[in-house]
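Overview (structure and organization)
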Amino acid sequence: MAENGTEKNDDDRHDGPAPSPPPEAEKDSSTLGEDHEAEKPNPADRPDSAARKDGECIERRMGRSSEVVNNFYGHVHVSDGTIGVAGAGDGDRRRAVTGRLDEDEIRQILRHHIRPAAHERAAEKLAEQRVVVLTGPHGIGKRSGAMALLREAASGKLAVLSPASDLSTLAERPYRTGWGYLITDWFAGDRALRASERDFSWSAVRDQVAEARAYLIVTTLPSAFAIDSHAVAHVAWECPPITELLRRRVAGAVPDGAVERAAALVPEDYAIADAVRIADRLAREEEAERAVAEVLERSGRKEVHQWFETEPTREEIVDVTALALAPGVRERDFETLSGRLAKELATTMPPPAATALDPEQTMVPGKDVLGQRRSLRGSMEGLIRVERRTQEGTGRRYPVFREDGYRSEVLTQLWERFDISFWDGVRAWMTGIMDEGGYAVNVAAGLAALARIDLDEVQEMYLDPWSKDGSAWHAQVAAVYLLWTMCRDDEQAAEALRIAVRWISYGSNAQRELGTLAFTGELGVRYPTEAVRRLWQLASQENALSTDAAIALGGLFGTLAMRGRSAGEVVRQLRVQFSRTRPVGPTRGRRVLILHAVLVLLSGRDPHTGIPAVVIHLDARPGQVQPIVELWAALIRYRPLRHAGLTELWRAVNAFHQVTSEPEPAVRALGEAFARVLPLAEHTGFRASLIRIAEGERPDRAARASAIETLLAALKKAHVRSHGEKE
């Protein structure tokens, strides 16, 4: 058993001790405290009118939040490979950034690790101070280097903390003896601190870590505030020698001299990921020269540059711009978007009078020829081709770039070649799209790719104005989608978190709401511990945003469960916080808010299958049944939400057959857990209420009736056993 009485599940990936419930809560931990509002059997089992009105309001908010989340993941799933970020990996298989690291994961990452020259100095400083900061650009192996250092120094587990952790938080949080802690892409350094203040803060962090006999490594980009100090050493990291890295990776499975020839062609400022891809090609017996060329030119840098050098027409520039910034749309939609962009650019960058798009000027006497734009667009000389896909039995045409890497290079060339007049036209075009609604996921993918080139442009021209009060709802949603798309890219995930934290901490009302919504999607998937912490902070403030934050906390459970991640941290937080409340007194409002969050948690469903998220979670992690049932029972014992809680239980019991061929053990475990949690005096009323709901639903399948009978039989068996009677 883990802290607070919940079963420890390694998938929860806690990074430190969980907070303990107050002493008074421990007296009745099986039911999370005695609820004076537990009701006797009620023939109606319906909430009163005031509670129903509150519930309808929460249901509307929950519906809008679910629609935003489901729309994003639906588009990403359908258009996977077309909508996304250049350089991003598979977001669906990507693990959470924060939490405990599995030993298998560590071994896999360090299997081919090569120590750079900076390793020795960093190891020396880590042993001396127990805290070290590694600085350097993305892609040079800071994370794997930090893991190697910690694995050598620490005798315990390794855990990754949130990059949003500021120095005061790091100086106050608990650390486990012998553990190693890592923060990647840290951005929470206070630029306003003077050098002496910063040094004092680092000293406090160092002392806290040292007192616990733990270790902490922080990786960050080079910046003005990441400077060396007497308190904590800041070590400039670097790539290992390319020859050694390639040789280790291929493990001798290449012809003599191939590694050396490849290494000679790789620039000094190479990225570790590029080196790995080169080594993999060499291991497949690909020629060294070809392997390097294919990897380093995979973005199509040479081809795209040459295309721009041919001085393409205005129409061609418009087409590649529209495709780069709104990828993944059907051909007809693409042509509509391209036409709108052409009109905006005609305003900000008017064409010369002699070539204005005037039919009277461009008509050839005696011959009226219609331009064959589609055939010209897909010509071999261009960057675009048309791909035919079959979706739901229907064939559709989608314009795409000829090579996957063209999009990022097209945006680079556009950014380097065209001035503000061009980009003002692009901004007016995108704003118009958002005002009318639609294409939010597509535009978000395009802007995320542009953010890799110039984040300031994207933040100042799009994210900030679209997220503020008074902007169109579609624009606000696109801003959230942009953060989620950035989260699917390792190099941009921390920046997305930084922006969301800024919104909820210092933003306008709209930005605070959007920041809350952002943590229910991909941002919460990448940073689940941080998401739970931030959402609970907002919910516990008991202000206008509290309800949205509670809904978001319940919604995050569904997102995590349906993305195959552990949602145990959400359950743990709700359970601990509920144990600190009482049905009467100053904590009553917070208690009711938590119960609404629990209802949202239990109401979430997979949009494609309709399977409840809680069923998906329990099927993957059966050890979580007890803490979930404790929250479920608390919901059922609260009169205004009793009927809703029982209805969700009925639906869950009838859904287990959709996730497993043997649902009986899971349903039985659920019934036994309710028997343990509910007071014996309430078993009869619980059974009667659930039977009434089952009869009202009129199940049309024997399996459903059998499922509810299994649950009730488990409850009855536990009840009889508790009374010491013979069965």
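Residue positions are counted from 1 within each chain, in the order its sequence is given. Two thresholds apply to this predicted model, a pLDDT of at least 70 for residue-level local features and 80 or more for giving and counting side-chain atom pairs, whereas whole-chain, interface and lining totals are computed over all residues. To obtain the side-chain values, all non-hydrogen atoms of the structure were included, while hydrogens and water were left out.

Moving on: the overall build of the chain. Secondary structure elements follow DSSP: runs of H or I no shorter than four residues count as helices, runs of E no shorter than two count as strands, and numbering proceeds from the N terminus. The helix and strand inventory of the chain stands at 34 helices and eight strands. Any residue under 20% of the maximum accessible area for its type is buried, any over 50% is exposed, and the rest in between are partly exposed; the area is computed with a 1.4 Å probe on protein chains only. Counting across all 727 residues of the chain, residues that qualify as buried make up 53%. The contact criterion used throughout is that any non-hydrogen atoms of two residues lie within 4.5 Å. Counting only contacts in the chain whose residues sit at least 6 apart along the sequence, the fraction spanning at least 24 positions is 75%. When the accessible area of the chain is evaluated, it comes to approximately 32,900 Å², of which 49% is carbon and sulfur surface. For the accessible areas, the method is Shrake-Rupley and the probe is 1.4 Å, while residue cover comes only from the protein chains on display.

Attention now moves to unusual backbone geometry. Phi angles above zero are rare outside glycine, and R130 is one such case at about 70°. Its place among the elements puts R130 in the loop between α4 (118-129) and β2 (131-135). Non-glycine residue E285 carries a positive phi angle of around 65°. In this fold, E285 is placed in the loop between α10 (272-283) and α11 (288-296). On the basis of relative accessibility, which here comes to 67%, the residue E285 falls in the exposed class.

A separate point is the packing of helix α8 (residues 242-250) against α10. Orientation is described by axes fitted as lines to C-alpha atoms, over the contacting stretch for helices, and by angles from 0 to 180 degrees between their N-to-C directions. The geometry of α8 relative to α10 is characterised by a closest axis approach of 9 Å and an angle of 45° between their N-to-C directions. In terms of orientation, α8 and α10 fall into the oblique class. Helix-helix and strand crossings are classified by hand; for α8 and α10 the assignment is right-handed. Listed contacts from α10 to I242, L245, L246, R249 and V250 of α8 are I272, A275, V276, I278, A279, D280, L282 and A283. Partitioned by chemical class, the residues of the contact of α8 with α10 number 11 nonpolar, no polar and two charged. Each angle receives one of four descriptions, namely roughly parallel if under 35 degrees, roughly antiparallel if over 145, roughly perpendicular if within 65 to 115, and oblique otherwise. Left-handed describes a crossing whose near helix is turned anticlockwise from the far helix through less than a right angle; right-handed describes the clockwise counterpart. Asp, Glu, Lys and Arg are counted as charged, while Ala, Val, Leu, Ile, Met, Phe, Trp, Tyr, Cys and Pro are counted as nonpolar; the rest, among them Gly, fall into the polar class.

Buried Ala, Val, Leu, Ile, Met, Phe, Trp, Tyr and Cys residues that are joined via side-chain atoms within 4.5 Å together make up what is termed a nonpolar core. Among the nonpolar cores identified, the biggest contains 148 residues, and W429, W466, L523, L649, L670, F674 and F686 are the most heavily contacted of them. Apart from residues lying up to four places away in sequence, W466 is in contact with M430, T431, M434, V443, L447, S471, A475, Q476, A478 and A479. In this structure, A122, V160, C239 and I242 belong to the second largest nonpolar core, which totals 44 residues.

Another point: the packing of helix α13 (residues 314-325) against helix α18 (residues 420-436). In contact at an axis separation of 12 Å, α13 and α18 are set at 55° when each is read in the N-to-C sense. As far as their axial angle goes, α18 and α13 are oblique. Between α13 and α18 lies a crossing whose hand is right-handed. Each of I317, T321, A322 and L325 in α13 lies in contact with α18, whose residues at this interface are F422, W423, V426, W429 and M430.

Further remarks concern the confidence of the model for the chain. For every residue, the predictor reports its confidence as pLDDT, a number between 0 and 100. Summing up the model confidence of the chain, the mean pLDDT is 84 and the portion of residues at 70 or higher is 82%. Per-residue pLDDT, averaged within each element of the chain, yields its smallest value for helix α1 (residues 23-26) (37) and its largest for strand β4 (residues 180-183) (97). Low pLDDT, under 50, characterises residues 1-31; the predicted model gives this stretch 76 contacts beyond four residues in sequence or across chains. Here residues 85-93 scores under 50 on pLDDT; set against residues more than four positions off or in separate chains, the count is 22 contacts.

Right, let's get into the side chain of D319. Along the chain, the position of D319 falls in helix α13. When its relative accessible area of 5% is taken as the criterion, D319 is described as buried. Apart from the residues within four sequence positions on either side, D319 is in contact with F334, S338, R373, R377 and I384.

Turning our attention to the pairing of β4. The alternating pattern of β4 places G180 and L182 on one face and Y181 and I183 on the opposite face, and all of these are buried. Judged from the three bridges that link them, strand β3 (residues 158-160) and β4 form a sheet pairing that is parallel. Paired with L158 across the strands is G180, a residue of β4. The path from the first strand over the helix to the second decides the hand: if it runs clockwise while the strands point away from the viewer, the crossover is right-handed. The β-α-β motif built from β3, the intervening helix α6 (residues 167-172) and the parallel element β4 has right-handed crossover chirality. Strand pairing is assigned whenever DSSP identifies at least 2 bridges connecting the two strands. Where β4 meets strand β5 (residues 215-220), four bridges bridge the pair, whose relative direction is parallel.

All of the buried residues along helix α3 (residues 103-110) are E105, I106 and L110. The buried side chains of α3 occupy one side of the element, clustering within an arc of 120° when seen end-on. Residues of α3 that are exposed and point more than 90 degrees away from the buried face comprise D104 and R107. Tucked into the core, α3 has its buried residues touching α5 (142-153) and β3. The directions from the helix axis to the C-beta atoms form the arc being described.

Moving on: the environment of E381. Mapped onto the elements of the fold, E381 is located in the loop between α16 (373-377) and β7 (384-391). E381 sits in the exposed class, given a relative accessible area of 65%. Taking the C-alpha atoms as reference, E381 lies 8.3 Å from W307; in sequence the two are 74 residues apart.

On the basis of which strands lie adjacent, the open sheet formed by six strands has the order β1-β3-β4-β5-β2-β6 and mixed pairing. With partners counted over all chains shown, the strands left at the sheet margins are β1 (99-100) and β6 (233-236), one partner each. Across the sheet, α5 is in contact with β2, β3, β4 and β5; its angle to β5 comes to roughly 170°.

Aromatic rings from Phe, Tyr and Trp, taking only the six-membered ring of Trp, are treated as a pair when their centres fall within 6.5 Å; an angle between ring planes under 30 degrees marks them as stacked, one over 60 as edge-to-face, and anything in between as tilted. The final tally for this structure, using the stated rule, is 14 aromatic pairs. Between F72 and Y481, the aromatic rings sit 5.3 Å apart at their centres with planes inclined by 35°, giving tilted as the arrangement. Remark: Y481 occurs in helix α21 (residues 473-487) and F72 occurs in helix α2 (residues 49-78); sequence separation between them is 409 residues. With a relative accessible area of 1%, F72 lands in the buried category. Relative to F308, the ring of W307 has its centre 5.1 Å away and its plane inclined at 85°; by these criteria the two rings are edge-to-face. Members of the aromatic cluster, each reached through a chain of ring pairs, are F72, Y73, Y481 and W484. A cation over a ring is seen here: R130 above Y215, with NZ or CZ 4.5 Å from the ring centre. For a Lys NZ or an Arg CZ to count as sitting over a ring, it must be within 6 Å of the ring centre and within 35 degrees of the ring normal.

With that out of the way, let us pick up the environment of D469. Relative to the elements of secondary structure, D469 occurs in the loop between α20 (455-467) and α21. The partly exposed category is assigned to D469, whose relative accessible area is 47%. Distance from D469 to G507, taken between C-alpha atoms, is 9.8 Å for residues 38 residues apart in sequence. What D469 contacts, discounting residues up to four positions off in sequence, is S508, N509 and A510. Under the rule applied, a polar contact is a pair of N or O atoms within 3.5 Å (in protein, one hydrogen donor and one hydrogen acceptor; residues adjacent in sequence only if both atoms are side-chain atoms). A distance of 3.4 Å separates a polar atom in the side chain of D469 from a polar atom in the side chain of S508. Among the polar contacts made by the side chain of D469, one reaches the main-chain amide nitrogen of A510 at a distance of 2.7 Å.

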